[in-house]
Structures are given as C-alpha cells and as structure tokens.
Amino acid sequence: MPSSADLTIAEDLWNYLRLGQEVQPAECLLVFGGHDLGVARRAVELYRDGVAPLVLVSGGSANVPTGSRFTTEADAIVDIITSSGVPESSVLTERLASNTSENFWLSAELLRDRGLAFHRFLIVQKPYGERRTIATARRRWPSREVRVTSQVMTFAEYLSGDIPVKRILSMLAGEVLRLQRYADSGLIKIDEPVPSELLTGARQLQEAGFNARSMSAHHVGA
C-alpha cells in the first residue's frame, strides 16, 4: 500500500495533469480508449447534454479494460455508450490506435473517409491524460480547435473506484515522465517544462514500486 507521502506526491501529479477546461459545444466528441471505462460514462453525460451530435471512439487492443469481453478498447467503451441510450447511428468506432498520436491520426483518417470535415472537437480522456492530450493536439492537429474533458471527480474519489491504487500511482508517475520526454523529443508541444519537483516526485514513486508504466529507452509512441 502507498504511504501518505506517496499519496501526497500522487495528488500533486494528478492536479498538474488535469486541466479542468470548460466544456464548450463541439462538432464531435472524440473518446480516447484505454483501461479506464470512465471515459464512456463521461461521453454519455456530454452527449445527453447536447455538447456534440457525434461520438467517435478510438482505441485498439493495447489496454483493453480488465475483464472485458471485447478485444479492443474502443469496443468496450462503445458497448457502455450504446447500452446507455446513445444511438448507434451517432457513434463511430476506430479500432487500431495504440497511442495518443494514433488516436488523432487514425480518427482524422476515419472522418475523412466518411466525408466529415470537423473543426471543433472535445476529447474525452481519463483525468490524468488531459495535459498530454492537449500537448499532442497542438502538434498533430494545430489547425483544429481541440478541448479536453474527463470525469469530474476528486483524487480521493478516483482512488476509491475500480482501478487498483497501485496502478493509478504507476500511471500518474509514468504520465508525468512521458510528458517531459515526449516534449523533449518534439512529439508533443507544451508551453513550459514540467516542474522539476514533479519529475522528482514521479521518479520517487517509481522507486517506491509504482513503476508499472516505466519507459524503456526505445519507447517512442506518444
């Protein structure tokens, strides 16, 4: 179990990685896949609120939620969305993306193939993926208007959910270190370097055993 010091560091990382952008009307909700099915529930809320008329879910087989009967992240998420009353006619599915850059690239390809030239997007992400999503959008979709949102909840509420605490802390640490590495490599665009104290904290978490998302030297996908 994490110590109180570990949890304090993790909450600092959480607060930095979340942007809390205001939700504005969009032409498309672009839902990014992964192990966290909370993105599906958030997408349903937004669709019901009339934020956008179309939901595009993007995600391959890299991080299918534990226990899912589906073979791709996208299908697991779409199942929740359509089971919650969103019409299938309002949902598109992209099943190949394995990282955030591919979410943007392959989603753009799918929309182009459908003859859809959208400009305003609202990305639905897991909470700690917000900052890197916008940084990636600045590099991949500089001419489009992109905002990001996630489930509205506190760090304590997120820890009490279905995802194991150890995994959450590992993801937070890995996310912060990836943010700086990808910025240094030019894969993403951030306004300022990640604060040094957060990078130190992320490394401390990994040294404490929360290292399931450590990067290998050859890892290149954003």
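Details of the structure are given in the entry above.
Residues numbered from 1 in each chain as written. Predicted model: local features only at pLDDT ≥ 70, side-chain atom pairs only at ≥ 80, totals over all residues. Heavy atoms only, no water.

(A) A look at the overall build of the protein chain. Per the secondary structure count, the protein chain includes 8 helices and 5 strands. Written out in order from the N terminus, the α and β elements of the protein chain read α-β-α-β-α-β-α-β-α-β-α-α-α. Taking 17 Å as the expected radius of gyration for a compact globule of 222 residues, we find that the protein chain reaches 17 Å, a close match to that expectation. Along the first, second and third principal axes, the C-alpha set of the protein chain runs to 50 × 35 × 30 Å. (Helix = DSSP H or I, 4+ residues; strand = E, 2+ residues; numbered from the N terminus. Rg over C-alpha atoms; globule rule 2.2 N^0.38 Å.)

(B) Geometry of the pairing of strand β4 (residues 120-124). β4 sits mainly inside the fold: 4 of its 5 residues count as buried. Pairing analysis gives 4 bridges linking strand β1 (residues 28-32) to β4, with the strands arranged parallel. Across the sheet, V31 pairs through a bridge with V124, a residue of β4. Sheet topology places β4 next to strand β5 (residues 145-149); 5 bridges connect them, and they run parallel. Pairing of R120 across the sheet is with E145, part of β5. Each parallel crossover has a hand, and for β4 linked through helix α5 (residues 130-140) to β5 it is right-handed. (Buried < 20%, exposed > 50% of the residue type's maximum accessible area, 1.4 Å probe, protein only. Pairing = 2+ DSSP bridges. Right-handed = clockwise from strand over helix to strand, strands pointing away.)

(C) Quick peek at the side chain of T149. Counting through the fold element by element, T149 comes out in strand β5. Residue T149 is classed as buried on the basis of its relative accessible area of 4%. A polar contact of 2.9 Å, which involves the side chain of T149, links it to the side chain of R42. The residues contacting T149, other than those within four sequence positions of it, are V23, R42, L46, L122, I123, V124, Q125 and E130. (Polar contact = N/O pair within 3.5 Å; in protein donor to acceptor, adjacent residues only side chain to side chain. Contact = heavy atoms within 4.5 Å.)

(D) Focus on the environment of G161. Relative to the elements of secondary structure, G161 occurs in the loop between α6 (155-159) and α7 (165-185). Judged by relative accessible area, G161 falls into the partly exposed class, the value being 39%. For G161 and R69, which are 92 residues apart along the polypeptide, the C-alpha to C-alpha distance reads 20 Å.

(E) Quick peek at the packing of helix α1 (residues 4-17) against α7. With their axes 10 Å apart at the nearest point, α1 and α7 run at an angle of 50 degrees to one another. When the interaxial angle is binned, α1 and α7 end up oblique. You can see that α1 and α7 cross each other, and the crossing is left-handed. Between α1 and α7, the residues in contact are D6, L7, A10, L13, W14, Y16 and L17 and L169, L172, A173, E175, V176 and L179, respectively. When its residues are assigned to classes, the contact of α1 with α7 shows 11 nonpolar, no polar and 2 charged. (Axes fitted to C-alpha atoms, helices over the stretch in contact; angles between N-to-C directions. Parallel < 35°, antiparallel > 145°, perpendicular 65-115°, else oblique. Left-handed = near helix turned anticlockwise from the far one by under 90°. Nonpolar A, V, L, I, M, F, W, Y, C, P; charged D, E, K, R; others polar.)

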